[in-house]
Amino acid sequence: MVALVLTWIGAVVGVTLVLLMALGPVIVELDGWLAQRRRVRHRKVAEQKLATKKAAATVAARPVFH
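Keep in mind it's a predicted model, so treat the numbers as computed, not measured.

K.L.:
Provide a residue-level description of the overall build of the protein chain, including the pertinent values.
P.N.:
Within the protein chain one finds one helix and zero strands. Every one of the 66 residues in the protein chain was classed for burial, and the buried ones make up 2%. Approximately 6,500 Å² of the protein chain is accessible, and the part contributed by carbon and sulfur atoms is 72%.

Here it is as structure tokens:
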């Protein structure tokens, strides 16, 4: 009984390992694609902040009346 359970556990672990090795390149490509999206999004946010700062620097201050 113990040998049967250990055999099934070994089979499941083996199949999992084979699938991970087969899907390894796909996982690496997906990770690279997601990292690229993060870099592009970060660059856009940084450009928007810079544009906002430049626009704020060129606008004259308005007087505040209390």
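K.L.:
Summarise the packing of aromatic side chains; cite the residues concerned and give the values.
P.N.:
Think of a pair of aromatic rings as described by two things: how far the centres are apart, and how the planes are tilted against each other in angle. Tallied over the entire structure, the rule returns zero aromatic pairs. Its guanidinium or amino end placed over the ring of Trp 33, Arg 37 lies 5.1 Å from that ring's centre, counting from NZ or CZ.

K.L.:
Please provide a residue-by-residue account of a positive patch on the surface, values included.
P.N.:
Among the surface-exposed residues, Arg 37, Arg 38, Arg 39, Arg 41 and Arg 43 lie close enough to one another that they form a single positively charged patch. You can see Arg 41 is positioned in helix α1 (residues 2-58).

The rules behind these values
Residues numbered from 1 in each chain as written. Predicted model: local features only at pLDDT ≥ 70, side-chain atom pairs only at ≥ 80, totals over all residues. Heavy atoms only, no water. Helix = DSSP H or I, 4+ residues; strand = E, 2+ residues; numbered from the N terminus. Buried < 20%, exposed > 50% of the residue type's maximum accessible area, 1.4 Å probe, protein only. Areas by Shrake-Rupley, 256 points an atom, 1.4 Å probe, with all protein chains shown as cover. Phe/Tyr/Trp six-rings, centres within 6.5 Å; stacked < 30°, edge-to-face > 60°. Lys NZ or Arg CZ within 6 Å of the ring centre and 35° of its normal. Patch = residues over 30% accessible without salt bridge, like charges linked within 9 Å, V, L, I, M, F, W, Y side chains within 5 Å. Salt bridge = Lys/Arg side-chain N within 4 Å of Asp/Glu carboxyl O. Lys, Arg positive; Asp, Glu negative; His and termini not counted. Charge placed at Lys NZ, Arg CZ, Asp CG, Glu CD.

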